[in-house]
Amino acid sequence: MKKDLKFFWTLFISTFTLSAFTFGGGYVIVPLMRKKFVETLGWIDEEEMLDLIAIAQSAPGPIAVNSSIIIGYRLAGIPGALVTTFGTVLPPMVILSVISQFYTAFRDNVVVSLVLKGMGIGVAAVIVDVVCTMAKGVVKTKDALWIIVMCAALVVALFTSLNVVFVILACGVVGAINVIVQDKKTGKGGKAA
């Protein structure tokens, strides 16, 4: 893939428009990033995108920014990460700067309040779509371990009061152990099997 000015402009505009027109946080932007970079541009394949999102979700900070940094770095190294980060951070910064100047008028406006409630419903629908899309990706692997881990994480998150951080850490530990076991089986873990 050629990394010219047009490539970086496309990268910037893609993350800028996704960030500018996405309401509801990082989990809303994830399926749109997947659609843009996997389906529309074809720069990343489906399985790699799921891996990149998992890494972004595990890292501290907002998932939208983390995803942008990881995708930008994957596509064009540090310059790509800088371009995607700037493209993702710029729209909310401008919007929040404008809103902060008129906060009192927005706070008391009935129309703005109703629009925000309507957007909340849309956000919930997009989050359900993200969960379904990512679950389909796990099921498509036909890997019993990951299907069990996914179902166990869902049950623990829904039916216990355990902090989700511990669920994420447990999934990370299972993933690390699985990689070590697979490497030993294939002989990649140092000594040949």
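No experiment lies behind these values; they were computed from the predicted model shown. (Residues numbered from 1 in each chain as written. Predicted model: local features only at pLDDT ≥ 70, side-chain atom pairs only at ≥ 80, totals over all residues. Heavy atoms only, no water.)

1. Thoughts on the packing of helix α7 (residues 144–159) against helix α8 (residues 164–186)
Next, step 1: As a packed pair, α7 and α8 sit with axes 10 Å apart at the nearest point and diverge in direction by 165°. When the interaxial angle is binned, α7 and α8 end up roughly antiparallel. For the pair α7 and α8, the sense of crossing is right-handed. Between α7, through Leu145, Trp146, Val149, Ala153 and Val156, and α8, the contact on the second element is made entirely by Val167, Cys171, Val174, Gly175 and Asn178. (Axes fitted to C-alpha atoms, helices over the stretch in contact; angles between N-to-C directions. Helix = DSSP H or I, 4+ residues; strand = E, 2+ residues; numbered from the N terminus. Parallel < 35°, antiparallel > 145°, perpendicular 65-115°, else oblique. Left-handed = near helix turned anticlockwise from the far one by under 90°. Contact = heavy atoms within 4.5 Å.)

2. Regarding the packing of helix α1 (residues 5–20) against helix α4 (residues 63–101)
Next, step 1: Taken N-terminus to C-terminus, the directions of α1 and α4 make an angle of 40°; their axes are 8 Å apart at the nearest point. In terms of axis orientation, α1 runs oblique to α4. Viewed along their axes, α1 and α4 form a crossing whose handedness is right-handed.

3. Let's talk about the pattern of salt bridges
Next, step 1: Considering all chains together, one arrives at four salt bridges under this definition.
Next, step 2: A salt bridge links Arg34 to Glu39, with the shortest nitrogen-to-oxygen separation between them at 2.8 Å.
Next, step 3: Relative accessible area serves as the criterion here: at 46%, Glu39 is assigned to the partly exposed category.
Next, step 4: A network of salt bridges, in which partner residues are shared, links Arg34, Lys35, Glu39 and Glu46. (Salt bridge = Lys/Arg side-chain N within 4 Å of Asp/Glu carboxyl O. Buried < 20%, exposed > 50% of the residue type's maximum accessible area, 1.4 Å probe, protein only.)

4. Overview of unusual backbone geometry
Next, step 1: Of note, Lys142 is a non-glycine position whose phi angle comes to about 55°, a positive value.
Next, step 2: On the basis of relative accessibility, which here comes to 74%, the residue Lys142 falls in the exposed class.

5. Some remarks on empty space enclosed by the protein
Next, step 1: One pass over the structure, following the stated rule, counts one cavity of 30 Å³ or more.
Next, step 2: When its volume is computed, the largest cavity comes out at roughly 70 Å³.
Next, step 3: Every residue lining the largest cavity is listed: Val30, Pro31, Arg34, Met49, Leu50, Ile53, Asp129, Val130, Thr133 and Met134.
Next, step 4: Mapped by element, the contributors of at least two residues to the lining of the largest cavity are α2 (26–40), α3 (46–58) and α6 (110–140).
Next, step 5: Per-element accounting of the lining of the largest cavity gives the leading share, four residues, to α6.
Next, step 6: Its residues assigned to classes, the lining of the largest cavity shows seven nonpolar, one polar and two charged. (1 Å grid on protein atoms, 1.4 Å probe; cavity = no way out; pocket = protein on both sides within 12 Å on 5 of 7 lines; lining within 4 Å. Points joined across faces, edges and corners; volume = space filled by probe spheres on them. Nonpolar A, V, L, I, M, F, W, Y, C, P; charged D, E, K, R; others polar.)

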